[in-house]
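# Summary of the model geometry
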Amino acid sequence: MMNPFNPSISTPSGIWNPLVWILVFLLSLLIAYVIYLKGEKQRKKGMQEEIFLSGNKADGNTHIKASNIGWGYLEAMKGYYKLMRDIHTGIINDYVGWFLGVLATMLLIFLFWGGVR
Amino acid sequence: MSVWDFIITNAPALAIAVPLLGAFLTPLIYRAGRKTALIWVLSVLGFTEFLALLLVYLVNTYGIQVYVFGGNPSTLAIPPDSGGIPIRIIFTVDGMSAFTALISSTIGLVAGIYSVASEKGRGAQDKFFALLLLLVVGMMGMALTGDLFNFFVFLEINSLSAAALVSYRIHGGKAVEAAFKYAVVSSIGALMILFAIAILYGEYDALNMAMIAERMYQTGFSAMDMIAMALIVVTLAMKCGAVPMHYWVPDGYGEAPGEISAMIMVASQASLYGLFRMCFTVFGLSANTHSLGWFLIILGLLSMFIGVTMAFLQHDIKRLMAYHSVSQTGYMLLGVGVGLATLGTSAFNQYGLFAMEGGIFHILNNMLYKGLLFLTAGAIIYRVGTSDLNKMGGLAHTMKFTAIFYLIGALAIAGIPPFNGFVSKLMIYESVYQLNPFLAVVAAIVSMLTLASFLKVFHSAFMGPKLYNVKEVPKSMLIAMGILSFFIVLFGIFPNIAMTYLVAPAAHALADPVGYITRVLGGGA
Amino acid sequence: MIFNAPFISVMILIIFGLYAMVFRRNLIKVVIGLDIVESAVNLFIVSLGYVKNGIAPIYTNSPGGAMVLPTPQALTLTSIVIGVATSAMLLSFCILIYRYYGTLDTRKVRRLRE
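Residues numbered from 1 in each chain as written. Chains lettered and ligands numbered in written order. Predicted model: local features only at pLDDT ≥ 70, side-chain atom pairs only at ≥ 80, totals over all residues. Heavy atoms only, no water.

### Quick word on the overall build of chain B
A tally of helices and strands in chain B yields 20 helices and two strands. For 525 residues, the compact-globule estimate of 2.2 N^0.38 gives 24 Å, and chain B sits close to it at 22 Å. Its C-alpha atoms put chain B at 75 × 60 × 40 Å along the principal axes. The proportion of buried residues among the 525 residues of chain B is 71%. Within chain B, contacts between residues separated by at least 24 positions form 81% of all contacts whose residues are at least 6 apart in sequence. Split by element, the accessible area of chain B, about 14400 Å² in all, is 68% carbon and sulfur. Of the charged side chains in chain B, 25 are positive and 22 negative; the average position of the first set lies 16 Å away from that of the second. (Helix = DSSP H or I, 4+ residues; strand = E, 2+ residues; numbered from the N terminus. Rg over C-alpha atoms; globule rule 2.2 N^0.38 Å. Buried < 20%, exposed > 50% of the residue type's maximum accessible area, 1.4 Å probe, protein only. Contact = heavy atoms within 4.5 Å. Areas by Shrake-Rupley, 256 points an atom, 1.4 Å probe, with all protein chains shown as cover. Lys, Arg positive; Asp, Glu negative; His and termini not counted. Charge placed at Lys NZ, Arg CZ, Asp CG, Glu CD.)

### Comments concerning the interface of chain A and chain B
With 52 residues of chain A in contact, the opposing surface of chain B contributes 71 residues. Between chain A and chain B lies a buried interface of about 5500 Å² when both sides are counted; carbon and sulfur atoms form 76% of it. Joining chain A to chain B, the criterion identifies 11 residue pairs in polar contact (both at pLDDT 80 or more). Among the elements that take part in the side of chain A that touches chain B, helix α4 (residues 92-112) of chain A stands out by supplying 12 residues, more than any other. Classifying every residue of the side of chain A that touches chain B gives 34 nonpolar, 15 polar and three charged. (Buried area = accessible area lost by both parts, 1.4 Å probe. Polar contact = N/O pair within 3.5 Å; in protein donor to acceptor, adjacent residues only side chain to side chain. Nonpolar A, V, L, I, M, F, W, Y, C, P; charged D, E, K, R; others polar.)

### Here's the deal with the pattern of salt bridges
Residue and element names in this part refer to chain B. In this structure the tally under the stated criterion is 10 salt bridges over all chains. The closest approach of N and O atoms between lysine 181 and glutamate 177, which form a salt bridge, is 2.8 Å. Here the residue lysine 181 and the residue glutamate 177 both occupy positions in helix α7 (residues 174-204), the gap between them amounting to four residues, near one helical turn. Accessibility assignment for this pair places lysine 181 and glutamate 177 in one class, buried. Through salt bridges with shared partners, a single ionic network connects Glu177, Lys181, Asp251 and Arg319. (Salt bridge = Lys/Arg side-chain N within 4 Å of Asp/Glu carboxyl O.)

### Thoughts on the layout of surface pockets
Residue and element names in this part refer to chain B. Estimates place the volume of the largest pocket at around 670 Å³. If you go around the largest pocket, you meet 29 residues; those closest to its centre are His171, Gly254, Glu255, Asp316 and Ser387. Taken together, the elements giving at least two residues each to the lining of the largest pocket come down to α4 (95-118), α10 (248-255), α11 (258-282), α13 (317-341) and α14 (346-384). Considering only residue class, the lining of the largest pocket consists of six nonpolar, 10 polar and 13 charged. (1 Å grid on protein atoms, 1.4 Å probe; cavity = no way out; pocket = protein on both sides within 12 Å on 5 of 7 lines; lining within 4 Å. Points joined across faces, edges and corners; volume = space filled by probe spheres on them.)

### Some details on the pairing of strand β2 (residues 90-93) of chain B
Taken residue by residue, a regular strand's side chains alternate between the two faces of the sheet. Residue and element names in this part refer to chain B. What you see with β2 is no split at all: Ile90 and Thr92 on one side and Phe91 and Val93 on the other are buried throughout. Alignment of strand β1 (residues 65-68) against β2, held across four bridges, turns out to be antiparallel. From the neighbouring strand, tyrosine 67 faces β2, where its bridge partner is phenylalanine 91. (Pairing = 2+ DSSP bridges.)

### Some remarks on the state of the cysteines
Applying the stated rule across the entire model yields zero disulfides over all chains. Its sulfur unpaired, Cys279(B) is 10 Å from the next cysteine sulfur, which belongs to Cys240(B). (Disulfide = S-S within 2.5 Å.)

### Re the packing of aromatic side chains
All names here are of chain B. One pass over the full model with this rule turns up 29 aromatic pairs over all chains. Centroid distance tryptophan 4 to phenylalanine 50: 6.3 Å. Interplanar angle 40°. Geometry classified as tilted. Of the two residues, tryptophan 4 is situated in helix α1 (residues 3-9) and phenylalanine 50 in helix α3 (residues 34-62); the sequence distance between them amounts to 46 residues. Between the aromatic rings of tyrosine 182 and tryptophan 248, the centroid separation amounts to 4.8 Å while the plane-to-plane angle is 20°, which identifies the pairing as stacked. With tyrosine 182 in helix α7 and tryptophan 248 in helix α10, the pair connects residues that are 66 residues apart, well separated along the chain. Between the NZ or CZ atom of lysine 456 and the centre of the ring of phenylalanine 312, over which it lies, the distance is 5.2 Å. (Phe/Tyr/Trp six-rings, centres within 6.5 Å; stacked < 30°, edge-to-face > 60°. Lys NZ or Arg CZ within 6 Å of the ring centre and 35° of its normal.)

### Examining empty space enclosed by the protein
Under the criterion given, the structure shown has five cavities of 30 Å³ or more. Computed from the structure, the second largest cavity encloses a volume of approximately 70 Å³. Contributing to the lining of the second largest cavity are Phe152(B), Glu156(B), Ser187(B), Leu191(B), Leu34(C), Asp35(C), Glu38(C), Ser79(C), Ile82(C), Gly83(C), Thr86(C) and Ser87(C). Considering each element in turn, the lining of the second largest cavity owes the most residues, five residues, to helix α3 (residues 70-101) of chain C.

### Considerations on helix α17 (residues 437-462) of chain B
An α-helix turns once per 3.6 residues; consequently, residues spaced three or four apart project the same way. The terminal C-alpha atoms of α17(B) lie 38 Å apart, and with 26 residues this matches the ideal 38 Å at 1.5 Å per residue to within 8%. Two residues or fewer past α17(B), Gly464(B) is found with a positive phi of approximately 90°. (Expected span 1.5 Å × (residues − 1).)

### A word on the side chain of Thr329(B)
Residue and element names in this part refer to chain B. Along the chain, the position of threonine 329 falls in helix α13. The buried category is assigned to threonine 329, whose relative accessible area is 2%. Not counting residues within four places of it along the chain, the set of residues in contact with threonine 329 comprises Cys240, Gln269 and Leu272.

### A look at the nonpolar core
Residue and element names in this part refer to chain B. Residues Leu275, Phe276 and Phe283 are the most contacted members of the largest nonpolar core, which totals 252 residues. Ranked by residue count, the leading element in this core is α7, at 22 residues. Sequence-distant contacts of leucine 275, defined by excluding residues within four places in its chain, comprise Val233, Leu236, Ala237, Leu296 and Leu333. Listed in part, the 20 residues of the second largest apolar core include Leu301, Tyr331, Val432 and Leu449. (Core = buried A, V, L, I, M, F, W, Y, C linked by side-chain atoms within 4.5 Å.)

### Some points on the interface of chain C and chain A
On the chain A side, the residues contacting the 14 residues of chain C number 10 residues. Interface area, chain C with chain A, both sides summed: about 960 Å², of which 58% is carbon and sulfur. Inspection of the chain C/chain A interface yields zero salt bridges. Applying the counting criterion to the chain C and chain A interface returns six residue pairs in polar contact (both at pLDDT 80 or more). Sorting the residues of the side of chain C that touches chain A by element identifies α1 (5-23) and α2 (27-48) of chain C as the ones contributing at least two each. When residues of the side of chain C that touches chain A are assigned to their parent elements, the largest contribution, four residues, is made by α1(C). Its residues assigned to classes, the side of chain C that touches chain A shows seven nonpolar, one polar and six charged.

Function cannot be read off these values alone, since they describe shape.
This is how it looks when you write it as C-alpha cells:
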C-alpha cells in the first residue's frame, strides 16, 4: 500500500525521492550562503559591478529581442535549419503527401521486417 | 434504485451523455444570459470531471468496467441469443481509458474556468462553449469506447469541434487557414481509419475491439490486417502530431485561443491513447510488436529532436510552445514504444513496463505543464495583444503571478526537480537506455534544448525593461493556471500518488490485452 | 471477377481522390479530392455487406430469401452524415480564406510558414 509521506519511486537502477532532494537542495543553499559569508570583505568597487553585454557596456534597460537569442547556436546549425525550413513548406498538399509517404514506409517496414510474430 | 446507484451503474455512459447534452443545451441556455450559461457549462464540466474520477475509482477497485448500450443488465456483453458475438455497442473502461478520460475532463474543466474571463466580450460565445463541451465529448468518447466504429465517430467529433474552435478568432484569416489545414489532414486521416475499420469488419465480421483481436489471434495475421494496421497506426500517429506528419500542429495550436490550444493538445493525447490501444489491445496479440515498437520509437526520436530544434527557431510564443508539444509527444512515443518493442520478452519485466509507465506518466505531466504554459501564453496575448516575442518585454513587472506560473511550467517541462516533469523523464531515461543507450542520449539532449528555448521565452517576454503598462490578468484565468500549478508541484513532490492510482493501473491495463479480451468476451460479468 | 468490380472501383476512386489532394493547387479541389475518397470508402463499406440476390433489410415480414447485411448500411449512413458536416465546414473555411486572402492557391495560402 502507498505511504503518502514516503514519495520514493524505485527505478530500474536506483531510487528517486523528492523529499530527500529538497533537503539536499536546502542544505546546499545553506553551504553556499556560508561560503558567501566567508567571502572577501574588501572587494573593489567599480568595473566589477557594471553590466556588460557582448563586451559592450549596457545600462539596466537593454533588452535582447527573442530573435537574437541563441544567435551562435542558430549560426552553427545553419545547414540543418535551412533543410528544416525547406521541409516546412506550409502547403496543404505537402501535408497530405507526407502522411501518405509515412503510410507507404510503414507498409514497407512490415513487408520486409516481419509481419507475423 | 437510488440516484447514487444509478450514477455508479451508468457512469461510462453518463460520462459521454452529460457533456453531449450539455453542449446542445448551451446555446438555448445562453438566451437566459451569459452568467447562467457559464454556471451551466461549468457545472456540466465539473460533473464530467466527477464522473471521470468515479471511473478511475471503479476501475481501481473492481477492475475493467464493461457497459453495454441497450443491454439488460448493462454489463451483459454477449446476449444468449447472439451466437457468442458482442453485437451491441460496448464501452470498455480499463485503467488506461479511465486515465485518458480523467485528463480530458480535467483540461476541459480548467479551460472552462479560464475562458470565463478570457472570452468575455467576444462574439458567438454560445457556440464557443457548445463546441468546447463537444470537444470534451470527443476526447472522453475516444477514451471510453470499446467499439471501432464508435471510435471513428468520436474521432470525427473531436476533429470537427477542434477545427471549428481553432478558427474561432479569425485573426486576419490566419486562424481559418490553420483550421483548414487541421481539418483536411484530420478528415483524410479519419477516412483512412474508416477504411481500415471496414477492412477489419469485412474480415472478422465484428466491430468490437476485443472480438476483432480474438478472431485475429485465432486466424493469424493476414496481409489485409497489415494494411489495416498501417492505416490505423500511421493515422493516429499523425493525429497525435508525430514528426514527419506534425505540420498541422504548429498551425493549429499556434492560432487557437490559449485555452483551446491546451484542449487540442489533450485531444491529440486522446489520439495517442487510441494509438496505444490499437497497438496493444487490437494488434498486440497477432502482429509483430517488435517492429511496430521500433516504428513508434523512431517516430518518437524524430519528434523529440525535430520538434525541439524547430521550437528554438520560433519567435511566436504559441508556435514555439506548439513545437514543444511535438517534442513532448516524442517522449511518450519513445517510452511506450520501448514497452511495445519488448512486449512478451523477459526484457519487458526488467525495463519495458517501467518505460511504459514513464511514457504514460509523461502524458499526465504533459497535460499539466503544457496546459499551464499554453494558458500563460494565452494570458500574455490577452494583455499584450500580440503573440510575437520580439515585441514583448518586461511583463514580469506587473504580471507577477503569470510570471511565476510560467516559471513553474517551464521548469517542469525542462525536467528540473522537484517538479513533475523530472520524474517521468527520469523513468524514461533509466529504462530506454537499457534497450539502446542512444535513445537516452537523444532524450537528454532534447531536454537541454527544451530548457534553452523556454529560457529564451522567459527572457524575452518577462525580463527586461517595462515595455507595456499592463495589469495582471483577471481572477478566473489565474485560478485556472493555479489549479494546474498546484498539481504540477503535488505530483512533483509526491509522484507516488499519481503512480499508484493513475499511471501503474494504466500501464498494467495496456500490457495485458488478454485480460481486456476475456473481460469483454467472457460475458462482461 | 465481376464481383470484385466494386473493390476495384474503390481503389481507383481512392487513388483519384488522393491524387487530387496531393497535386491539385486549389483549396476547393483539395476538398473535392477528400470527398471522392470519402465516397470511395462509403462504397467499400456498402459493397462489403452485399449478398447476391439479397433484399433490402427493411421488412418485418420478409418475402423470403437472403437479406443484405444491415450493419454496413448503418455505418455508411453515419459516415455520410459526418462527411456532409466535414465538407460544409471545409468549404466555409474556403470562403473565409478567399475573403481574407483573395486567393485559393495552396502555394499562396501559407502565411503561417516556419
